[in-house]
Amino acid sequence: MKSEILSFLRKTDGYISGQELCEHFGVTRAAVWKVIDGLKKEGYGIEAVTGRGYRLTSLPDIFSAEELESRMCTEWAGRNLVFYASTGSTNIQAKLLAEEGAPTGTLVVADQQTQGRGRRGRTWTSPAGRNLYFTLLLKPDFVPDKASMLTLVMAHAVQSAVTEVCGMQAQIKWPNDIVLNGKKVTGILTEMSVQGEYIQHVVIGVGVNVKEQEFVPELEGKATSLEQESGRQISRAALLEKIMENFEADYALFLKKQNLSLLMEAYNAALVNCGREVRVLDPAGEYTGIAQGINEKGELCVKTADGKLKKVYAGEVSVRGVYGYV
Ligand code: BTN
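Residues numbered from 1 in each chain as written. Predicted model: local features only at pLDDT ≥ 70, side-chain atom pairs only at ≥ 80, totals over all residues. Heavy atoms only, no water.

Asks: Would you take a moment to explain the overall build of the chain for this structure?
Replies: Scanning the chain from N- to C-terminus turns up 9 helices and 14 strands. For the chain, whose C-alpha radius of gyration is 22 Å, the value lies close to the compact-globule estimate of 20 Å for 326 residues. Principal axes of the C-alpha set define a box for the chain whose edges measure 80 × 45 × 35 Å. Counting only residues that meet the buried cut, the chain has 52% of its 326 residues in that class. Considering only contacts in the chain between residues 6 or more positions apart, those separated by 24 or more positions represent 61%. Summed over its atoms, the accessible surface of the chain is roughly 15400 Å², and 48% of this surface lies on carbon and sulfur atoms. Distance between charge centres in the chain, computed from 37 positive and 39 negative side chains, equals 2 Å. (Helix = DSSP H or I, 4+ residues; strand = E, 2+ residues; numbered from the N terminus. Rg over C-alpha atoms; globule rule 2.2 N^0.38 Å. Buried < 20%, exposed > 50% of the residue type's maximum accessible area, 1.4 Å probe, protein only. Contact = heavy atoms within 4.5 Å. Areas by Shrake-Rupley, 256 points an atom, 1.4 Å probe, with all protein chains shown as cover. Lys, Arg positive; Asp, Glu negative; His and termini not counted. Charge placed at Lys NZ, Arg CZ, Asp CG, Glu CD.)

Here it is as structure tokens:
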């Protein structure tokens, strides 16, 4: 009831009467008042005027299950929400929930992770109160080969959300890092469980650096946060709300063709590598070339000096700018 009342208050321009809330939830005025009082204690500014009802007067930057639930306007993505003040890793929790039968679209969010995981076995530093850590669970019915494209779908959803909330152009470093001013603000770790020819579940874990923070020396100059670059105060809840909305729309486009053909143009427009010289760290041999953009499978097309077009598949290969990270 708490998140629904919050949602009503958020949607109502002006006052919502106590009577209306009582009738909607089938509870007493005292029960409604108790919820309102609880919200006020959490920091929401709520004005109560006799004869008129309740009105939201301020929206503090609160990050809680109720705040997130009251914001979600999607049909399925993030509708089943599991929130942890602290957990090991949202990817691990999402996998456990998947095995227990959680539905597709389940969103696992944490304020803090104690064992945050990055790609290639790295750790993802995840302090409380500063960043966004979440994992979206999907149970798709396409073949496992296609799952790697989901990372790019999420990258595009996050890139557009970051651009909107920060008011500045975010870009994608292929395949799935989001960068602001050439520095990384987001990482995505997608993991899949397969049985035979079928996907049991895919978990797409996203970490976004939001508040100002110091980075370990090896990330100095390579990593940054949304607030550091944009100079704006960013609400983690508003950002996540936007990401879920974008993902739902982008995923529908992906499902139509079961490839990235309908998203390719928008993805390539945001691709920081496009038209730039890149170094492809292929275990079979490094080479350089000019990145042309992705194809409908999400492979990066790179033109080498001899005019050949190579298709780089994300799995084993990293791409760097010839002079640095991008
Ligand atoms: C990368 O190395 O770039 C990927 C980082 C992914 C981090 C996110 S935070 C939420 C989710 N839970 C994890 O343990 N990892 C991902």
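There is more to say, and it comes next.
Asks: I tried to follow the packing of helix 1 (residues 2-11) against helix 3 (residues 29-42) on my own but got confused; where do I start?
Replies: When two helices pack together, their arrangement is captured by the angle between the axes and the distance separating the axes. Close contact between helix 1 and helix 3 brings their axes to 10 Å; oriented N to C, the two are set at 80°. Between helix 1 and helix 3, the interaxial angle falls into the category roughly perpendicular. Together, Lys2, Ile5, Leu6 and Leu9 of helix 1 and Val32, Val35, Ile36, Leu39 and Glu42 of helix 3 make up the contact between the two elements. Considered class by class, the residues forming the contact of helix 1 with helix 3 number 7 nonpolar, no polar and 2 charged. (Axes fitted to C-alpha atoms, helices over the stretch in contact; angles between N-to-C directions. Parallel < 35°, antiparallel > 145°, perpendicular 65-115°, else oblique. Nonpolar A, V, L, I, M, F, W, Y, C, P; charged D, E, K, R; others polar.)

Asks: What am I meant to see in the environment of Asn181 here?
Replies: Mapped onto the fold, Asn181 is located in the loop between strand 7 (177-180) and strand 8 (183-195). C-alpha separation for the pair Asn181 and Asp306, spaced 125 residues apart in sequence, amounts to 31 Å. Ignoring sequence-local partners within four residues, the contact set of Asn181 consists of Met168 and Glu229. A polar atom in the side chain of Asn181 sits 2.6 Å from the side chain of Glu229. (Polar contact = N/O pair within 3.5 Å; in protein donor to acceptor, adjacent residues only side chain to side chain.)

Asks: Explanation requested: the side chain of Thr87 in the structure shown.
Replies: Within the secondary structure layout, Thr87 lies in the loop between strand 3 (81-84) and helix 5 (90-99). You can call Thr87 buried: its relative accessible area is 7%. Polar side-chain contacts of Thr87 include one of 3.3 Å to the side chain of Gln93. With residues up to four places along the chain from it excluded, the contact list for Thr87 reads Gln93, Ala110, Gln112, Gln113, Thr114 and Gln115.

Asks: Please clarify how helix 1 should be interpreted in this entry.
Replies: Along an α-helix, residues three or four apart share an orientation, since each turn contains 3.6 residues. Within helix 1, burial applies to Ser3, Ile5, Leu6, Ser7 and Leu9. At its buried positions, helix 1 is contacted by helix 2 (18-25), helix 3, strand 1 (45-49), strand 2 (53-58) and helix 4 (65-71).

Asks: Could you clarify how one ought to interpret the sheet that holds strand 11 (residues 287-294) in this entry?
Replies: A sheet is described by the order of its strands in space; here 5 strands give the open sequence 13-12-11-10-14, paired in antiparallel fashion. Looking along the sheet, the strands with just one partner apiece sit at the ends: strand 13 (309-312) and strand 14 (318-321). Taken over all neighbouring pairs, the strand axes of this sheet differ in orientation by 45° on average, direction set aside. Where strand 10 (residues 277-281) meets strand 14, 4 bridges bridge the pair, whose relative direction is antiparallel. In the sheet register, Val280 faces strand 14, and the bridge partner there is Val319. (Pairing = 2+ DSSP bridges.)

Asks: Explain the pairing of strand 1 here, please?
Replies: Direction of pairing for strand 1 relative to strand 2: antiparallel, over a ladder of 5 bridges. By the bridge assignment for strand 2, Ala48 is matched with Tyr54.

Asks: How do you make sense of the nonpolar core when you look at a structure like this?
Replies: Grouped burial of nonpolar side chains is what soluble globular proteins tend to show. Counting residues in hydrophobic clusters, the biggest one holds 64 residues, and the most contacted among them are Phe134, Met154, Trp174, Leu226 and Leu239. The leading source of residues in this core is helix 6 (residues 148-166), at 12 residues. Counting residues in hydrophobic clusters, the runner-up holds 16 residues, among them Cys22, Phe25, Val32 and Ile62. (Core = buried A, V, L, I, M, F, W, Y, C linked by side-chain atoms within 4.5 Å.)

Asks: Where do I start with the packing of helix 1 against helix 2 in this structure?
Replies: Relative orientation of the contacting elements helix 1 and helix 2 amounts to 140°, with a least axis distance of 12 Å. Between helix 1 and helix 2, the angle is such that the two are oblique. Judged by the sense of rotation from one axis to the other, the crossing of helix 1 with helix 2 is right-handed. Residues Glu4, Ile5 and Phe8 of helix 1 form the contact with helix 2, whose participating residues are Leu21, His24 and Phe25. When the residues that make up the contact of helix 1 with helix 2 are grouped by side-chain class, the tally is 4 nonpolar, 1 polar and 1 charged. (Left-handed = near helix turned anticlockwise from the far one by under 90°.)

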